[in-house]
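Analysis of the macromolecular model
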Amino acid sequence: MSSIYVLDTDILIDVLRGHQPAITWFTTLQDIPSIPGFVVMELIQNAKNKQQVNQVFKLISPLSIIWLNESDCNQALLDFSQYHLSDGVGLLDALIAHCVISNNGTLCTFNVKHYRVIPNLKIIQPYTR
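In short, a report on the structure. (Residues numbered from 1 in each chain as written. Predicted model: local features only at pLDDT ≥ 70, side-chain atom pairs only at ≥ 80, totals over all residues. Heavy atoms only, no water.)

Before going further, it helps to spend a moment on the environment of I23. Within the secondary structure layout, I23 lies in helix 2 (residues 20-27). The class of I23 is partly exposed, set by a relative accessible area of 25%. I23 sits twelve residues away from I11 along the chain, and the two C-alpha atoms are 9.5 Å apart. Non-local contacts of I23, meaning those with residues more than four positions away in its chain, are made with V15 and G18. (Helix = DSSP H or I, 4+ residues; strand = E, 2+ residues; numbered from the N terminus. Buried < 20%, exposed > 50% of the residue type's maximum accessible area, 1.4 Å probe, protein only. Contact = heavy atoms within 4.5 Å.)

Listed below in structure tokens is the structure:
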């Protein structure tokens, strides 16, 4: 199974805000990336009105939404409990990371600090900020 790109919240926020390097990178992808359902929830949580919620759904409509199974949730819990106090790994960070790992993906993010301690997680910063 080849690695798929999985987008973190910060990447999609850049696209929604019209950050040109993000848009250029996003529109030149050969394979359609995936997105954790938790990222969709974060985007909706950051919306200030119904129009912004609609923009989120329009943006993510071609993307595959991925979720965790029970085993993945248990691993996310272990990593969260191990790395939260020592490295500041957040709850959603652990869940998103395990969505990526369980789908043999590569996380596209600039929040490397949030994810760097998660074992077996592949990360790239896909464009220049």
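Let us now look at the packing of helix 3 (residues 37-46) against helix 4 (residues 50-60). Here helix 3 crosses helix 4 at 155°, and the two axes come no closer than 8 Å. When the interaxial angle is binned, helix 3 and helix 4 end up roughly antiparallel. The handedness of the crossing between helix 3 and helix 4 is right-handed. Judged by residue contacts, V40, L43, I44 and N46 of helix 3 engage Q52, V53, V56, F57 and I60 from helix 4. Residues that form the contact of helix 3 with helix 4 fall into these classes: seven nonpolar, two polar and no charged. (Axes fitted to C-alpha atoms, helices over the stretch in contact; angles between N-to-C directions. Parallel < 35°, antiparallel > 145°, perpendicular 65-115°, else oblique. Left-handed = near helix turned anticlockwise from the far one by under 90°. Nonpolar A, V, L, I, M, F, W, Y, C, P; charged D, E, K, R; others polar.)

This next bit is on the pairing of strand 4 (residues 105-108). Neither face of strand 4 is left uncovered, since the one carrying G105 and L107 and the one carrying T106 and C108 both have all their residues buried. Both strand 1 (residues 4-7) and strand 4 contribute to a ladder of four bridges, which runs parallel. Along strand 4, the bridge assignment pairs I4 with G105. Relative to strand 5 (residues 122-124), strand 4 runs parallel, the two being bridged by three bridges. Looking at the pairing, L107 lines up with I123 of strand 5. (Pairing = 2+ DSSP bridges.)

Attention shifts here to the packing of aromatic side chains. Working definition: an aromatic ring pair is given by the centre-to-centre distance plus the angle between the planes. All told, the structure shown has four aromatic pairs when counted by the stated rule. Between the aromatic rings of Y5 and W25, the centroid separation amounts to 6.0 Å while the plane-to-plane angle is 50°, which identifies the pairing as tilted. Of this pair, Y5 sits in strand 1 while W25 sits in helix 2; the two residues are 20 residues apart in sequence, bridging distant segments of the chain. Judged by relative accessible area, which is 12%, W25 ranks as buried. Relative to Y127, the ring of W25 lies with its centre 6.0 Å away and its plane at 45°, an arrangement referred to as tilted. Pair noted here: W25 is in helix 2 and Y127 is in the segment after strand 5, with a separation of 102 residues, a long-range link. Three or more aromatic residues joined by ring pairs form one cluster here, namely Y5, W25, F110 and Y127. (Phe/Tyr/Trp six-rings, centres within 6.5 Å; stacked < 30°, edge-to-face > 60°.)

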